[in-house]
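Structural overview
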Amino acid sequence: VTSPCKILKCNSEFWAATSGSHHLGAEEAPEFCTALRAYAHCTRRTARTCRGDLAYHSAVHGIDDLMVQHNCSKDGPTSQPRLRTLPPGDSQERSDSPEICHYEKSFHKHSAAPNYTHCGLFGDPHLRTFTDTFQTCKVQGAWPLIDNNYLNVQVTNTPVLPGSSATATSKLTIIFKSFQECVDQKVYQAEMDELPAAFVDGSKNGGDKHGANSLKITEKVSGQHIEIQAKYIGTTIVVRQVGRYLTFAVRMPEEVVNAVEDRDSQGLYLCLRGCPLNQQIDFQTIRSAQATEGRARRKGPSLPAPPEAFTYETATAKCREKLPVEDLYFQSCVFDLLTTGDVNFMLAAYYAFEDVKMLHSNKDKLHLYERTRDLTPGNMAPTGTHPTLWVALLCLCWLCLL
């Protein structure tokens, strides 16, 4: 499902046309105004389909502000010439940002380094929470991933196949809230086939404040991989498009994770508390069915059979090419290939684990092995414990009883 609202395309075109425009001389202001009028024209064309879109309304207000700031007339040419890029060393980066805009320097100057946590969402969809709980969920529609005093992250998951309960992330919205003298409020939005390298207002940093560079976007692979650094809260976010769908990964200090005004609402977002029980899929039961039936079948009335592109054996062999360790990332890969028949889900699992290796602070906890869907700590195998060990222990107990 692709949104008819094309505001991200408008944003991308404007940013491409005005790269480096914040440092243009007065003689080049007419070219900026030309690009700005083209931006306004693009938003008007998509206005009818974007009425309820946050990014659209943010862009419209941003255009009006820029028109006033640059003394641009609303009447005039609307072609989009490519303006000059910044010369080396002439960037928006500021080395003299306030100390408050660097989390480790300001919050932990006289104490130990902060404890960092990781959350990731990928595939059909699979969730690794800040507490290293791994779940496979349904969560169709819009769901909050993160919601604290500093930022909000929301994902929208849509069916992979018509009539199926298999879903994947088709849209992602990240709102960075205004913070002291560091950053203005910024909104980032991505969806299928649109992975911008800029915020919705066309900027690539935190705005006009003195510490603006403590928030910035870097494009790693055009249209496939972006990274957002929010130094003022010690946070790194990685967003990828793999195939048609999006993946999300974040590294965040525990202090930021738990920074909420209303503790009662803290459990409402997925990265902290996981998916609701009625949205979780019993991974062990499903995988057992996959192994015996040769394909995934989810419970539900008259769901269409998934594609026959993979058997359990071929899916296992395919996933082993990229994921040699048979942990939950490997099992997720097998699950998704059998459910969707789309090899891109194998790549999603692979890149999700690559992001874990980069973002997780405890290198001994990179791999997770199979656990039950019960979230009670006493009923879960310890992180990193291989299922084979549990089988051996059960056999030993049985022999003792004999």
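Starting from 1, residues in each chain are numbered consecutively following that chain's sequence as written. It should be noted that, the model being predicted, local features are given only for residues of pLDDT at least 70 and side-chain atom pairs only at 80 or more, the latter also being counted only at that level, while totals for whole chains, interfaces and linings use all residues. Values reported for side chains reflect all heavy atoms of the structure, with hydrogen atoms and water molecules removed beforehand.

Just so we agree on the cut-off: UniProt positions are given in the numbering used here, feature names are shortened, and annotations may be inferred rather than shown by experiment.
An unreviewed UniProt entry lists the chain under the name RGMA protein, from Machaerirhynchus nigripectus. Regarding the chain, the relevant UniProt record gives this comment under Subcellular location (unreviewed entry): "Cell membrane". In UniProt, the chain has this text filed under Sequence similarities (unreviewed entry): "Belongs to the repulsive guidance molecule (RGM) family."

**Topic: the confidence of the model for the chain**
Operational definition: For every residue, the predictor states its confidence as a pLDDT score lying anywhere from 0 to 100. Any pair of residues with heavy atoms lying within 4.5 Å of one another is described as a contacting pair.
With 73% of its residues at a pLDDT of 70 or more, the chain has an overall mean of 78. Predicted confidence for residues 80-96 stays below pLDDT 50, and this span has 44 contacts to residues more than four positions away or in other chains. Within the model, the stretch residues 294-307 combines pLDDT values under 50 with 38 contacts to residues more than four positions away or in other chains.

**Things to note about the sheet that holds strand E7 (residues 186-191)**
Cut-off, in case you're wondering: Pairing between strands requires that DSSP locate at least two bridges from one strand to the other. Only DSSP runs of H or I covering at least 4 residues are called helices, and only runs of E covering at least 2 are called strands; the numbering of each starts at the N terminus. An axis is simply a line fitted to the C-alpha atoms; with a helix, the fit covers only the stretch in contact. Between two such axes, the angle follows the N-to-C directions and lies from 0 to 180 degrees.
What the four strands build is an open sheet, ordered E4-E5-E6-E7; its pairing is antiparallel. Lying at the two open borders of the sheet, with one neighbouring strand each, are strand E4 (141-147) and E7. Direction aside, neighbouring strands of the sheet carry axes that sit 20 degrees apart on average. Inspection of the sheet shows E4 paired to strand E5 (residues 151-159) by six bridges, in the antiparallel sense.

**Things to note about the packing of aromatic side chains**
For clarity, the cut-off: Pairing of aromatic side chains requires ring centres within 6.5 Å, counting the rings of Phe and Tyr and the six-membered ring of Trp. Pairs whose planes differ by under 30 degrees are stacked, by over 60 edge-to-face, and all others tilted. Placement of a positive charge over a ring is assigned whenever Lys NZ or Arg CZ falls within 6 Å of the ring centre and within 35 degrees of the normal to the ring plane.
Across all of its chains, the model carries nine aromatic pairs by this definition. Considering the side-chain rings of Phe176 and Phe199, the 6.1 Å spacing of their centres and the 80 degrees angle between planes classify their relative orientation as edge-to-face. Placement of the pair is Phe176 in strand E6 (residues 167-176) and Phe199 in the loop between E7 and strand E8 (215-221), with a sequence separation of 23 residues. Three or more aromatic residues joined by ring pairs make a cluster, and in this case those are Phe122, Phe134, Tyr329 and Phe353. Arg251 extends its terminal NZ or CZ atom over the ring of Tyr116, reaching a point 3.7 Å from the ring centre. Positioned over the ring face of Tyr350 is Lys322, at 4.6 Å from the centre of the ring.

**Focus: the sheet that holds strand E3 (residues 134-136)**
Pairing within the open sheet is antiparallel, and its seven strands lie in the order E3-E2-E1-E11-E10-E9-E8. Only two strands of the sheet have a single partner each, and these edge strands are E3 and E8. Neighbour-to-neighbour, the strand axes of this sheet turn through a mean angle of 10 degrees, independent of strand direction. Here seven bridges tie strand E10 (residues 235-242) to strand E11 (residues 245-253), and the two strands are oriented antiparallel to one another. Following the sheet pairing, Arg240 is matched in E11 by Thr247. Contacts between helix H10 (residues 344-359) and the sheet are confined to strand E1 (116-122), strand E2 (126-128), strand E9 (225-230), E10 and E11, with E10 contributing the most and set at about 165 degrees to the helix.

**Structural notes on helix H8 (residues 312-322)**
Basically, it comes down to this: Accessible area is worked out with a 1.4 Å probe on protein chains only. A residue is then buried under 20% of its type maximum, exposed over 50%, and partly exposed in between. Here the arc refers to the set of directions running from the helix axis out to each C-beta atom.
Regarding H8, the residues found buried are Tyr312, Ala315, Thr316 and Cys319. Each buried residue of H8 lies within a common arc of 100 degrees when the element is viewed along its axis, so the set occupies one face. Residues of H8 that are exposed and point more than 90 degrees away from the buried face comprise Glu313 and Glu321.

**A short note on the state of the cysteines**
Two cysteines, two sulfur atoms, one covalent bond between them: this is a disulfide. Filter applied, for reference: Here, a disulfide means two cysteine sulfur atoms that sit within 2.5 Å of each other.
All told, the structure shown has six disulfides when counted by the stated rule. Between the sulfur atoms of Cys10 and its disulfide partner Cys42 the distance amounts to 2.0 Å. Here Cys10 and Cys42 share a disulfide; its torsion about the S-S bond, -80 degrees, makes the bridge left-handed. Of this pair, Cys10 sits in helix H1 (residues 7-17) while Cys42 is found in helix H2 (residues 29-45), placing the two residues 32 residues apart along the sequence. The residues Cys10 and Cys42 share a single accessibility class, namely buried. Paired by a disulfide, Cys319 and Cys333 hold their sulfur atoms 2.0 Å apart. Disulfide Cys319-Cys333: the torsion about the S-S bond is -90 degrees, which places it as left-handed. A residue pair is termed long-range when its members are at least 10 positions apart, and Cys319 in helix H8 and Cys333 in helix H9 (residues 328-340) qualify at 14 residues. The exposure class of Cys319 is buried, given its relative accessible area of 0%.

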